[in-house]
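Letter by letter, the chains look like this.
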Amino acid sequence: MRVERRGPTIWPTVLTNQQWEESVPEAKPFDIPKQLVWDAYQRVKANRGAAGVDGESLAMFDEDLKSNLYKIWNRMSSGSYHPPPVRRVEIPKDNGGTRPLGIPTVGDRVAQTVVKMTLERKLEPVFHPDSYGYRPGKSALDAVGVARKRCWKADWVIDLDIKDFFGSIRHDLIERAVAHHTDLGWIRLYVARWLRAPVQGEDGSLQATTQGTPQGGVVSPLLANLFMHYAFDSWMQRTWPNVAFERFADDAVVHCQSKGEAESVLVAVRDRLRECGLELHPMKTRIVYCKDDDRPGTHEHVSFDFLGYTFQPRRAKNRWGKFFVSFLPAISTKAAKAIRARIRDWKLASTRNNQSLEDLARVINPVVRGWMNYYGRFYRSRCIQVLRRLNEALARWARRKYRRFRRRERASMHWLGRIARRDRSLFALWQLGVVPEA
């Protein structure tokens with residue numbers, strides 16, 4: 001395959017989308033196993049998800065499952081599958097703005113999963129070991145744990161934030177990268193069509209897509225990882241082989257030994273991403289000093305957020321029981337705020353006072369376990385401190401439900417404490433030892 005050099009990275013040169021579609025023989029079907037479509041459907045069903053532009057839910061899709069799956073297989077095998085528009089939904093962000101989320105139809109999610117399952121097997125061995133996002137066997141907590149250790153070894157961190165990453169990916173570059181890793185024509189064909197599928201707004205209007213890949217699409221995370229593999233990961237490995245990093249989709253931290261090295265790397269990364277059509281956020285991207293007891297001096301920034309954790313100087317205890325200051329991650333202020341908001345949204349006192357404690361536990365426990373499993377992995381005490389709000393909410397529920405506790409805050413908390421000491425297993429929070437105290 002002929003390749004074209006673009007800067008320091010080799011982006012494969014391939015046929016344009018129009019040339020490729022014209023080269024597909026009309027009478028020659030693609031070899032796509034029916035079992036692959038069935039396996040893809042099983043994954044889509046397990047992940048659930050909302051309806052797309054056609055309003056068809058998973059339950060509705062299942063009503064005529066055999067026919068629906070055959071239709072997907074037949075059209076994909078013949079090259080005649082054209083994805084419907086993606087339903088656009090605006091998701092509120094913590095900073096007051098919104099994030100566009102693209103929701104494909106159920107059938108299109110099945111088709112995308114067919115491509116994802118096939119392409120992922122080819123790409124996984126190629127991806128960088130410090131790419132953690134949306135990959136089998138890797139997680140956000142893995143990235144946080146590695147970053148934690150590397151912050152102890154390197155004094156400086158570049159906190160990278162790419163502006164509108166999913167909306168800025170260049171179609172020509174991602175198509176070249178896909179073609180470089182597979183000679184399966186149907187994958188190349190359908191990736192090109194998904195990239196260009198129109199977006200339907202909430203008012204029903206259609207908008208053409210000239211760049212980017214919609215967040216919410218099944219195949220989008222894999223394509224985003226492939227794009228960043230060439231735009232950032234492999235480029236860093238060649239250009240700065242001694243500089244470590246962790247990346248989760250468009251969120252990345254880079255570890256440097258000195259401030260001067262961090263400044264040089266940041267300039268180079270900014271230029272590199274600009275070559276690939278990406279822009280670093282001018283306010284959110286910054287150089288951070290990993291300050292602790294062994295690192296004197298000051299700097300404008302001594303903390304950064306990464307995957308729901310805030311890394312900053314924190315008090316720790318060594319093996320001999322002596323306290324010292326280390327650079328450690330703990331649940332971020334933004335994540336803690338979201339947890340408190342979720343507890344308020346349960347409205348335990350105002351809308352659930354007709355329920356028992358056992359009823360509340362069935363609703364609350366799965367969510368609390370998820371919070372503890374993620375945010376309690378590092379600096380657990382900070383996460384527990386945030387979750388104490390749940391005991392306060394339960395006490396308000398008791399005061400609203402039982403007349404004898406009204407206007408008696410300490411009495412309601414004492415009552416909960418007695419129940420907790422008698423049955424720690426009732427609430428996941430109590431199992432951790434976070435028992436209400438009068």
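Going by the structure above, here's the rest.
This text gives an overview of the structure that appears in the document. Predicted model, so just to flag it, every value in this text is computed and none were measured. (Residues numbered from 1 in each chain as written. Predicted model: local features only at pLDDT ≥ 70, side-chain atom pairs only at ≥ 80, totals over all residues. Heavy atoms only, no water.)

**Some remarks on the overall build of the chain**
- Assigned secondary structure in the chain consists of 17 helices and 13 strands.
- Structurally, the chain occupies a C-alpha span of about 80 × 60 × 35 Å along its principal axes.
- In the chain, which comprises 438 residues, the share counted as buried stands at 49%.
- For the chain, the share of sequence-separated contacts (at least 6 apart) that also reach a separation of at least 24 residues comes to 68%.
- Looking at the chain as shown, the accessible area adds up to about 22200 Å², and 48% of this sits on carbon and sulfur atoms.
- Each charge class in the chain can be summarised by its mean position, and for the 74 positive and 48 negative side chains these summaries are 9 Å apart. (Helix = DSSP H or I, 4+ residues; strand = E, 2+ residues; numbered from the N terminus. Buried < 20%, exposed > 50% of the residue type's maximum accessible area, 1.4 Å probe, protein only. Contact = heavy atoms within 4.5 Å. Areas by Shrake-Rupley, 256 points an atom, 1.4 Å probe, with all protein chains shown as cover. Lys, Arg positive; Asp, Glu negative; His and termini not counted. Charge placed at Lys NZ, Arg CZ, Asp CG, Glu CD.)

**Points about the sheet that holds strand β6 (residues 199-200)**
- The mixed open sheet is built from 4 strands, whose spatial order is β4-β3-β6-β7. With one partner strand each, in any of the chains shown, β4 (98-103) and β7 (206-207) form the two edges of the open sheet.
- Taken together, the 2 bridges between strand β3 (residues 86-92) and β6 define a ladder with parallel strand orientation. What sits directly across from Arg87, in β6, is Gln200. (Pairing = 2+ DSSP bridges.)

**Considerations on the pattern of salt bridges**
- Within this structure, the stated rule accounts for 14 salt bridges.
- For the salt bridge of Arg150 with Glu246, the shortest nitrogen-to-oxygen distance reads 2.7 Å. Linking Arg150 in helix α6 (residues 140-153) with Glu246 in strand β8 (residues 245-248), this pair joins segments that are 96 residues apart in sequence.
- Overall, the relative accessible area of 22% leaves Arg150 in the partly exposed class.
- For Glu246, a relative accessible area of 0% gives the class buried.
- Salt-bridge contacts for Arg247 lead to Asp233; the nearest nitrogen and oxygen are separated by 2.8 Å. Residue Arg247 is located in strand β8, and its partner Asp233 is located in helix α10 (residues 220-239); the two are separated by 14 residues in the primary sequence. Considered together, Arg247 and Asp233 belong to a single accessibility category, that of buried residues. (Salt bridge = Lys/Arg side-chain N within 4 Å of Asp/Glu carboxyl O.)

**Quick look at helix α12 (residues 333-346)**
- The end-to-end C-alpha distance of α12, which contains 14 residues, comes to 20 Å, matching closely the 20 Å that a straight helix rising 1.5 Å per residue would cover.
- Looking at α12, one finds that the buried residues are Ala335, Ala336, Ile339, Ile343 and Trp346. Seen from one end, α12 has its buried residues packed into an arc of 105°, which puts them on one side. Seen from the buried face of α12, the exposed residues on the opposite side, beyond 90 degrees, are Thr333, Lys337, Arg344 and Asp345.
- Where α12 is buried, its residues contact β13 (323-331), α13 (348-351), α14 (357-375) and α15 (380-401).
- Once α12 ends, the next one or two residues include Lys347, with phi positive near 50°. (Expected span 1.5 Å × (residues − 1). Arc of directions from axis to C-beta.)

**Let's talk about the environment of Val243**
- Tracing the backbone shows Val243 in the loop between α10 and β8.
- Separated by 14 residues in sequence, Val243 and Gln257 place their C-alpha atoms 8.5 Å apart.
- Not counting chain neighbours up to four residues away, the residues in contact with Val243 comprise Met236, Val254, His255, Cys256, Glu261 and Val265.

**Thoughts on the nonpolar core**
- If you look at the biggest cluster of nonpolar residues, it comprises 68 residues, and the most contacted ones within it are Met76, Trp186 and Val254.
- The biggest single contributor to this core is α10, with 11 residues.
- Beyond its immediate sequence surroundings of up to four residues, Trp186 is in contact with Phe30, Asp31, Ile32, Leu36, Met76, Val114, Val115 and Thr118.
- Core analysis: the next-biggest nonpolar cluster, separate from the first, contains 60 residues, Leu141, Ala249, Ala336 and Ala428 among them. (Core = buried A, V, L, I, M, F, W, Y, C linked by side-chain atoms within 4.5 Å.)

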